[in-house]
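Chains, contacts and geometry: an overview
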Amino acid sequence: MRIAVDVSPLTTGHKVRGIGFYVKNLLTALKRYYPEHEYIEFTGNAVPKNADIVHYPYFDPFSLTLSFFSSKPTVVTVHDLTPLVLHQLFPVGLKGMLAWRLQRLALLRVSRVITDSVASKNDIEHYVGLLASKIDVVHLAAGEHFGQQAKSTIEKVKKKYNLPKEFVLYVGDVTPNKNVARLVNACLQARMALVIAGSVFTDAKANITHPWTKDLKKVRKIVRENGDTIRLLGFVPDTDLSALYGAASVFALPSLYEGFGLPVVEAFACGTPVVCSDKGSLKEVAGEAALIIDPYSIESIAGGIKKVIGDKKLAATMSQKGLQRAKEFTWGKAAQHTINAYKKVIHNER
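Anyway, here's the lowdown on the structure attached to this text. (Residues numbered from 1 in each chain as written. Predicted model: local features only at pLDDT ≥ 70, side-chain atom pairs only at ≥ 80, totals over all residues. Heavy atoms only, no water.)

Quick look at the pattern of salt bridges now. Evaluation of the coordinates by the stated rule reveals 11 salt bridges. Here glutamate 166 and lysine 312 are joined by a salt bridge, their closest N and O atoms 2.9 Å apart. Taken together, the residues span a long stretch of sequence, with glutamate 166 in the loop between α5 (151-160) and β7 (168-171) and lysine 312 in helix α12 (residues 312-326) at a distance of 146 residues. Residue class for glutamate 166 comes out partly exposed when judged on its relative accessible area of 32%. Residues glutamate 258 and lysine 178 are paired through a salt bridge, measuring 2.8 Å at the closest nitrogen-oxygen approach. Of the two residues, glutamate 258 is situated in the loop between β10 (250-253) and α9 (262-269) and lysine 178 in the loop between β7 and α6 (180-190); the sequence distance between them amounts to 80 residues. Residue glutamate 258 shares its accessibility class with lysine 178, and that shared class is buried. One salt-bridge network, in which partners are shared between bridges, spans Arg112, Asp136 and Lys344. (Salt bridge = Lys/Arg side-chain N within 4 Å of Asp/Glu carboxyl O. Helix = DSSP H or I, 4+ residues; strand = E, 2+ residues; numbered from the N terminus. Buried < 20%, exposed > 50% of the residue type's maximum accessible area, 1.4 Å probe, protein only.)

Judged by side-chain polarity, Leu64, Phe68, Phe69, Leu102, Leu105 and Leu108 come together as a nonpolar surface patch covering roughly 570 Å² of accessible area. Its place among the elements puts phenylalanine 69 in the loop between β3 (53-56) and β4 (74-77). Under the relative-accessibility criterion, phenylalanine 69 is labelled exposed at 59%. (Patch = residues over 30% accessible without salt bridge, like charges linked within 9 Å, V, L, I, M, F, W, Y side chains within 5 Å. Areas by Shrake-Rupley, 256 points an atom, 1.4 Å probe, with all protein chains shown as cover.)

To continue, consider the side chain of asparagine 177. Note that asparagine 177 resides in the loop between β7 and α6. A polar side-chain atom of asparagine 177 sits 2.8 Å from a polar atom in the side chain of threonine 175. Other than its neighbours up to four places away in sequence, asparagine 177 contacts Thr82, Leu86, Phe90, Ser255, Leu256, Tyr257 and Glu258. (Polar contact = N/O pair within 3.5 Å; in protein donor to acceptor, adjacent residues only side chain to side chain. Contact = heavy atoms within 4.5 Å.)

Taken as a whole and assessed by the stated rule, the structure comprises 1 cavity of 30 Å³ or more. If you trace the largest cavity, you find it lined by Val5, Val23, Leu26, Leu27, Leu30, His55 and Pro57. The element contributing the most residues to the lining of the largest cavity is helix α1 (residues 19-33), with 4 residues. Class assignment of the residues belonging to the lining of the largest cavity gives a composition of 6 nonpolar, 1 polar and no charged. (1 Å grid on protein atoms, 1.4 Å probe; cavity = no way out; pocket = protein on both sides within 12 Å on 5 of 7 lines; lining within 4 Å. Points joined across faces, edges and corners; volume = space filled by probe spheres on them. Nonpolar A, V, L, I, M, F, W, Y, C, P; charged D, E, K, R; others polar.)

If you walk across this open sheet you meet the 6 strands as β9-β8-β7-β10-β11-β12, and the pairing is parallel. Each end of this open sheet is capped by a strand with a single partner; those strands are β9 (230-234) and β12 (291-292). With 3 bridges joining them, β10 and strand β11 (residues 274-276) adopt parallel strand pairing. When the sheet's bridge partners are listed, alanine 252 is paired in β11 with valine 275. (Pairing = 2+ DSSP bridges.)

Scanning the entire structure with this criterion turns up 9 aromatic pairs. For the pair phenylalanine 62 and tryptophan 212, a centre-to-centre distance of 6.2 Å together with 70 degrees between the ring planes defines the contact as edge-to-face. Residue phenylalanine 62 is located in the loop between β3 and β4, and its partner tryptophan 212 is located in the loop between β8 (194-197) and α7 (214-225); the two are separated by 150 residues in the primary sequence. On the basis of relative accessibility, which here comes to 13%, the residue phenylalanine 62 falls in the buried class. For tryptophan 212, a relative accessible area of 22% gives the class partly exposed. Between tyrosine 170 and phenylalanine 201, the aromatic rings sit 6.2 Å apart at their centres with planes inclined by 85 degrees, giving edge-to-face as the arrangement. (Phe/Tyr/Trp six-rings, centres within 6.5 Å; stacked < 30°, edge-to-face > 60°.)

At 3.6 residues per turn, the α-helix brings residues three or four places apart onto the same side. Given a rise of 1.5 Å per residue, 15 residues ought to cover 21 Å, and the 21 Å separating the end C-alpha atoms of α12 matches this to within 8%. Regarding α12, the residues found buried are Ala315, Met318, Ser319, Gly322, Leu323, Arg325 and Ala326. All buried residues of α12 fall inside an arc of 160 degrees around its axis, so they share one side. Packed against the buried residues of α12 are α9, β11, α10 (282-286), β12 and α11 (298-310). Its side-chain oxygen 3.2 Å from the backbone nitrogen of lysine 313, aspartate 311 forms the N-cap of α12. (Expected span 1.5 Å × (residues − 1). Arc of directions from axis to C-beta.)

Another point: the sheet that holds β3. Here we have 6 strands laid out as an open sheet, ordered β2-β1-β3-β4-β5-β6, and parallel in their pairing. Two strands lie at the open edges of the sheet, namely β2 (38-42) and β6 (135-137), each paired on one side alone. Across the sheet, the mean angle from the axis of one strand to that of its neighbour is 25 degrees, orientation sign disregarded. (Axes fitted to C-alpha atoms, helices over the stretch in contact; angles between N-to-C directions.)

In this section: the pairing of β3. Alternating residues of β3 divide into Ile53 and His55 and Val54 and Tyr56, and every residue in both groups is buried. Both strand β1 (residues 2-6) and β3 contribute to a ladder of 3 bridges, which runs parallel. The residue of β3 that forms the bridge with valine 5 is histidine 55. Examined bridge by bridge, β3 and β4 share 3 bridges and lie parallel to one another. Among the inter-strand pairings, tyrosine 56 is bridged to a residue of β4, identified as valine 76.

Structure, rendered in C-alpha cells:
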C-alpha cells in the first residue's frame, strides 16, 4: 500500500506533545513494523496523487480541517469529542457550531474512522451518527523513553527543578475537562505539594479570558497565594519527564472526561501510583491499576491522594500493577491495528 499521511501537526504548535506525539510515534511504528508499505508524508492540501489511501491523523470538530470531497479513500483519526460531551463547559459560539455541522457531514463521508478508545467510539456513534462498523479503536501508548529511572537520574531531576521530597504530579493541559482547579484545592486540603508540568501554565501569552482556559486564571491565583505549595514547571522536556514521573509520590488525573488519558499510561510505565477518575476512557485505560476518585468532590480527590501517600505498601502494589498495565499499550499494537484499518478500506470491508 502507498499510504499518504498528513503530517501538518508536526509543523504547528502540536509538534511537541498531543497530536504531534501521536503522528510521530505512529509513523515511526508503521515504518518499523510494516516496512513493506510506502508512507508518503504531506501537509495541507498537497495530497500525493499516487497514494492508495490518505490518513488524516487529526480532527477538529470546530474548524474546517477536513475536506468535504476526496478523490482518495480516506481514514481520519478522531481522538475524542470531549467538547461535545461536556458542551456546557466548552462554549463554541455560532461559528463553531456551523463548522461542526460541516465537519460532521464530512466525517460521514470518509472511508473509516480511527479513535483512541471504546468511550470515544461510542461518542462518535452518538454525536456523528457513524456506524460502529466503520470505527476502529486503536489505543495509544507511552513513548519508548518512558520507564523506571535510576535513583541517581531521579535525584538529578529533583535537584534541577528544586522538588520537595514528596509531591503530587499533574502533567497536561488546563481545559475544563482536566479539572485542575479542584485538584489544586484538593492538594491544599490534603496538605500535599503539587507539581504541575505543562507549557500553558507558565505561558505569558496564554489567554486567561477564554472559557476553555478559565481554570488557568484560578490556578495562577491560588499559586500566588500559596507560595511553593503549588509549583508550576511549565514545559518539561522528554529527557526529564520520565524521571519527573518517577520522583512523584503519586500522579493525579481527576478528569471530568478523557478520550484516552495518555499521562496515566506514562505514569504507569514509570512505576508511579495513579489516582484518577473513571470518566470517559479512564476506567478503560487504567483498569484495576489506579485508585479511583470522584472528580466532582475535592474531598474524594484529597482522600485518594492521602490514602496512597500514607500507605507505602499500597503505593508499592499500585506501582507494580501500573507497570504491568503499561505493557498492554504499545506502539507496535497501535501500528498493527492501524494497518488493519487501512486494509479494510482497501478491501472495502466492514
